[in-house]
Amino acid sequence: MSDFQVSVKEVDDVVVIATDGYLNNIGGEKISDICDKHMEKGVNKFLINLEKTSVVNSIGVSILIEIIEKLQDTKGKLAYCKLAPIVEKTFNIMGLTKYSTIYKDEEAGLSDLSA
Amino acid sequence: MSGNTQYKDKIDFYLNSLDELGEVLINQEGSSGITKGVLRIILGTLMASKGSIITVKRTRCKILSSHGISAQQKNLSLNANQKKALTSFKNSNINQKEIKEIFDPKSSDDLPVHFADLKAAIMVPLFHKDNLLGIVTLGKKFDGSTYQSLDKKILEIICNHLTDSLYNQELIGNIKDKRMELRLKVLELQTLFDISLSLNSVLDIKELSTEVLIRSVSTLNASSGFILETQKNSPMLSVLSSFNMNEDLVKSAIFSKSSIPFNLIWKDKKSIIISDEESNPFLKKTGYKECIVSPIIGNRNISGCIVLGDKESRDGVIPFEKNDIDILEALSSQAGIAMDNAKLFEEINAAKRFNESIMGSIATSVITINLLGEIDSVNKAGVGLLSKKTNEIVGEHYSYLFSKDQNLCKAIESAEIELESFAELNVPLMSKSKNTIVNFSVAPLTDQKGSHLGAVVAIEDITEQSKIKNTFKRYVSKSVVDQLLDDDQKLNLGGEERDVTVLFSDIRGFTAMSEKMKPKEVVSTLNSYFSEMIDIIFKYDGTLDKIVGDELMVVFGAPISRDDDAERAVQTAIGMVESLKKFNDKRVKKGKVPINAGIGINKGKVISGNIGSKDQMDYTVIGDTVNLGARLCSFAGPLKIIVSKSVKDEIGDNYKTRKLEPIKVKGKRKPVEIFKVLT
């Protein structure tokens, strides 16, 4: 199977996770692990750049929901940017967008989350 | 402080705790928040330092909240015996002794060890009816005292509330699960809807298959997948698209219709789930633990297969279900129809490109006209001929496009009304220019069923040929012009050495004769004479090289060579003599002086080509052969034909000849053998 790749950077108090590949169980767990490690350090704002992820399944979505639930305890935020139309539609249907925000790009997400 | 006061204070303290409990249960959201708050109240109320609240789902336990203990959350579970034992203590206290009995640390089963880690002095199983929802554990009191009946009573009251709350949370969880299931169904339906839209709009097979594949993989939570397509005249299946697969595996794997599982797919035309690795090499080949294979059926035939592997869950790979087959078959059946459409579209496009390529490569202009009389298409030659851009032609009505060519418009009209073809040759195309000469034909355009669709006009621009014809026909016969136009490979107007036969004819005593005639009569006599002679020359496909005064020079073998060049030259000469005799008979009858021409013919190598200056250039032949031909002519008496040995050798005994005395020719060391053709 092809690998799901992530790159992580911190911009002010926001952790930006850029993904590359199929956001499924494996991809979701990778993101979840990154979020957990940062949450342990007290970081609670995450922006996931999904520009290079064109496909997501419901397992991947359910993991994102779990991350949102964890962040709710610390009044943290999970947001996404650069979503492919099909991914955005999936997020809407699965109810993800009620508890998290979609931004056009990283710049817009960072400026809103850092505020 | 009296005992009553102490008891009252304790009751107040417990009532405050219950009040606080009410707030926690109302205000906290989620099991985690509630159990955290409730545990804090229990520990504070009962003065305990250690405790935990555990949820139970079937046999699996999860510590939702804990304080003062370091129990491993993982692997915490209950076996059936323990669950059964707990039912005897529904929402009531279990003391340490009873706990030990239920969770015997010495048991070979190591699971109870983890419960031992909880260091519970007291435990309350939380039952809603017969359903064990959780367990509250409590360690010893701070002060080492034992739990009193009041403590246990208040613990039971709190635990009853907690049970109700956990039950409510379970209901909420179930509703959430149902909502998630509903959303997944919506997602499935949306996927099917999106796919059907894509299938109607996407006509590229590769793009289409990729769309179907990634939608199928994501909807069925498969880890990866690929689509195989059939190949013409081959049992092999080629990979049309893949998603999340090992590229090397996809490229190197060989799939055949006759191998498992495809032989079954082709036989039954039904989807199958493959999970038995031992008996299935396909799983080994793909690396899947389990996969689902569905045929892509379009137009009754299987055009390929969609393969999805390893259904994901949070707990690893799980089996595909009947519902997955239903969804995949719904997707693949739509894909089958769409891929058929896409293939058809590709074939139509290929046919269209093929036609356009043919139409574009032919020199004849081809214009199609629809039933409204508008131009539907025009090929490259047509665009060139009409000197307009394609968009200036297409959509225009033919009556406007060919407004200056009424004959063409009438032909189009007649073709459309009478459904017959019409053609005209060698006519000017006035819509272009009066100098543009064309042949055109108009034919009705019909479909396979014979329904009238419009007309097709073919216009052949023959302006150049016309010019060539007009130019050449003065020098060569029509048949030679036609040969040249049919095959311009024969036409080499550059310099080249070639074998030709040259014929010279010259009027004997013409200078003296012309001195007795008026200039006008000289011209008309010569014109009549040449006209007769040229007819004969062209009859035998000779090339009229030049007319100098009363002398004619004719070439056989340039620009086109033939095997019988020499023979035709002799035939021409004999014809000229015979024609001249008749010509003279007429002249004599009219009281005019006969014209006596002598003819000389030689064969040999010459240099042929366009010779002259850039302003005046003529196609001619030069060389010794030509000079000797001219000399032979000068030796020929009136109405006599003299040929060289090279001509004699060519014609053999087909013609009667008589050898004459060799003649001396300037520039030739030896006398030249000559022959007289007897007419």
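Residues numbered from 1 in each chain as written. Chains lettered and ligands numbered in written order. Predicted model: local features only at pLDDT ≥ 70, side-chain atom pairs only at ≥ 80, totals over all residues. Heavy atoms only, no water.

Secondary structure assignment for chain A yields 4 helices and 5 strands. Ordering the α and β elements of chain A from the N terminus gives β-β-α-β-α-β-α-β-α. Taken against the 2.2 N^0.38 rule, which gives 13 Å for 115 residues, the C-alpha radius of gyration of chain A at 13 Å falls within 12% of a compact globule. The principal-axis extent of the C-alpha atoms belonging to chain A is close to 35 × 25 × 25 Å. Taken across its 115 residues, chain A has 52% of its residues classed as buried. Long-range contacts, defined here as pairs at least 24 residues apart, represent 69% of the contacts in chain A between residues at least 6 apart. Of the roughly 5300 Å² of accessible surface on chain A, a fraction of 48% belongs to carbon and sulfur atoms. Mean positive and mean negative side-chain charge positions of chain A (13 and 18 charges, respectively) differ by 3 Å. (Helix = DSSP H or I, 4+ residues; strand = E, 2+ residues; numbered from the N terminus. Rg over C-alpha atoms; globule rule 2.2 N^0.38 Å. Buried < 20%, exposed > 50% of the residue type's maximum accessible area, 1.4 Å probe, protein only. Contact = heavy atoms within 4.5 Å. Areas by Shrake-Rupley, 256 points an atom, 1.4 Å probe, with all protein chains shown as cover. Lys, Arg positive; Asp, Glu negative; His and termini not counted. Charge placed at Lys NZ, Arg CZ, Asp CG, Glu CD.)

The next subject is the domain arrangement of chain B. Interfaces are often described in size by the accessible area the parts lose on coming together. Each assigned domain of chain B is listed here: domain 1 (3-174), domain 2 (202-346), domain 3 (363-461) and domain 4 (492-677). A separation of 85 Å is found between the C-alpha centroids of domain 2 of chain B and domain 4 of chain B. (Domains from an automatic or database assignment.)

Residue and element names in this part refer to chain A. Judged by pairing direction, the sheet is mixed, and its 5 strands sit side by side in the order β1-β2-β3-β4-β5 without closing on themselves. Unpaired on one side and paired on the other, β1 (5-11) and β5 (101-103) mark the two borders of the sheet. The mean inter-strand angle of the sheet, taken between neighbouring strand axes irrespective of direction, is 25°. Where strand β2 (residues 14-20) lies against strand β3 (residues 45-52), 5 bridges are found, and the strand directions are parallel. Considered in β3, the bridge of Val 16 is made with Leu 47. In the packing of helix α2 (residues 58-73) onto the sheet, the strands contacted are β3 and β4 (77-81), and the crossing angle to β4 comes to about 140°. In the packing of helix α4 (residues 106-114) onto the sheet, the strands contacted are β1, β2, β3, β4 and β5, and the crossing angle to β3 comes to about 170°. (Pairing = 2+ DSSP bridges. Axes fitted to C-alpha atoms, helices over the stretch in contact; angles between N-to-C directions.)

Let's shift gears to the side chain of Ser218(B). You can see Ser218(B) is positioned in helix α7 (residues 205-219). Beyond its immediate chain neighbours, meaning those up to four positions away, Ser218(B) contacts Tyr22(A), Val55(A), Val56(A), Asn57(A) and Ser58(A).

What follows concerns the interface of chain B and chain A. Each side of the interface is counted separately: chain B has 26 residues, and chain A has 24 residues. Across the chain B to chain A interface the summed buried area is about 2200 Å²; carbon plus sulfur atoms make up 54%. The interface formed by chain B and chain A contains 4 salt bridges. One salt bridge in this structure joins Lys89(A) and Asp194(B), with 3.0 Å as the shortest N-O distance. Taken together, the elements giving at least two residues each to the side of chain B that touches chain A come down to α6 (149-201), α7, β6 (222-231) and β11 (301-313) of chain B. Sorting elements by how many residues they give to the side of chain B that touches chain A places α6(B) first, with 9 residues. Along the lines of polarity and charge, the residues of the side of chain B that touches chain A split into 10 nonpolar, 9 polar and 7 charged. (Buried area = accessible area lost by both parts, 1.4 Å probe. Salt bridge = Lys/Arg side-chain N within 4 Å of Asp/Glu carboxyl O. Nonpolar A, V, L, I, M, F, W, Y, C, P; charged D, E, K, R; others polar.)

By way of backbone hydrogen bonds, the strands of a sheet pair with one another, either parallel or antiparallel. Residue and element names in this part refer to chain B. One open sheet accounts for 5 strands, arranged β2-β1-β5-β4-β3; its pairing is antiparallel. Edge positions in the sheet fall to β2 (60-67) and β3 (94-95), since each has one partner strand and no second. Pairing geometry for β3 and strand β4 (residues 122-128), over 2 bridges, is antiparallel. Among the inter-strand pairings, Ile 94 is bridged to a residue of β4, identified as Met 123. Each of β1 (51-57), β2 and β5 (131-138) touches helix α2 (residues 30-46); the most contacted strand, β2, lies at about 55° to it. α6 rests against β1, β4 and β5 of the sheet, and its axis sits at about 40° to β4.

On to helix α19 (residues 519-539) of chain B, then. Residue and element names in this part refer to chain B. Over its 21 residues, α19 runs 30 Å from end to end, which matches the ideal 30 Å to within 8%, given 1.5 Å per residue. Of all the residues in α19, the buried ones are Val 522, Thr 525, Leu 526, Tyr 529, Phe 530, Met 533, Ile 534, Ile 536, Ile 537 and Phe 538. The first or second residue beyond α19 is Asp 541, which carries a positive phi of 60°. (Expected span 1.5 Å × (residues − 1).)

Our next topic: the pairing of strand β14 (residues 375-378) of chain B. All names here are of chain B. Pairing of strand β13 (residues 365-370) with β14 involves 3 bridges; the strand directions are antiparallel. Paired with Thr 368 across the two strands is Ser 377, which belongs to β14. Between the end of β13 and the start of β14, which pair antiparallel, lie 4 residues, with Gly 373 showing a positive phi angle near 85°.

Side-chain pairs of opposite charge can arise where the charged atoms are in close proximity. Within this structure, the stated rule accounts for 26 salt bridges over all chains. For Lys176(B), the salt bridge is made with Glu69(A), and the minimal N-O distance between the two is 4.0 Å. Here the residue Lys176(B) occupies a position in helix α6, and Glu69(A) occupies one in helix α2, the pair thus bridging two chains. Look at Glu69(A) and you get partly exposed, because its relative accessible area is 39%. The closest approach of N and O atoms between Arg568(B) and Asp564(B), which form a salt bridge, is 3.0 Å. Classification of Asp564(B) by relative accessible area gives partly exposed; the value is 27%. Each of Asp541(B), Arg562(B), Asp564(B), Asp565(B) and Arg568(B) takes part in salt bridges that share partners, so that together they form one network.

Residues and elements named next belong to chain B. Counted at 1.5 Å a residue, the expected span for α7 with its 15 residues is 21 Å, and the 21 Å between its end C-alpha atoms agrees. Burial of α7 is extensive: 11 of the 15 residues sit out of reach of the surface. Burial in α7 covers these residues: Ile 205, Leu 208, Ser 209, Val 212, Leu 213, Ile 214, Arg 215, Ser 216, Val 217, Ser 218 and Thr 219. Capping the start of α7, Asp 204 holds a side-chain oxygen 3.2 Å from the backbone nitrogen of Lys 206, two or three residues further along. (Polar contact = N/O pair within 3.5 Å; in protein donor to acceptor, adjacent residues only side chain to side chain.)

Here we come to the side chain of Ser65(B). Residues and elements named next belong to chain B. In this fold, Ser 65 is placed in strand β2. Within the structure, Ser 65 has its side chain in polar contact with the backbone nitrogen of Lys 36 (distance 3.0 Å). With residues near it in sequence (within four places) discarded, Ser 65 still touches Ser 32, Thr 35, Lys 36, Leu 39, Gly 51, Ser 52 and Ile 53.

Moving on, we come to the packing of α2(B) against α6(B). All names here are of chain B. At a minimum axis distance of 11 Å, the contact between α2 and α6 shows a crossing angle of 175°. Relative to α6, the element α2 is oriented roughly antiparallel. Counting all contacts with α2, which are made through Gly 30, Ser 31, Ile 34, Thr 35, Val 38, Ile 41, Ile 42, Thr 45 and Leu 46, the residues of α6 involved are Asp 151, Ile 154, Leu 155, Ile 158, Leu 162, Ser 165, Leu 166 and Gln 169. (Parallel < 35°, antiparallel > 145°, perpendicular 65-115°, else oblique.)

Residues and elements named next belong to chain B. Counting residues in hydrophobic clusters, the biggest one holds 38 residues, and the most contacted among them are Tyr 529, Val 570, Ile 601 and Ile 641. Here this core takes 9 residues from α19, the largest share from any one element. In contact with Tyr 529, not counting residues within four places along its chain, are Ser 505, Ile 507, Asp 550, Leu 580, Phe 583, Ile 595 and Ala 597. (Core = buried A, V, L, I, M, F, W, Y, C linked by side-chain atoms within 4.5 Å.)

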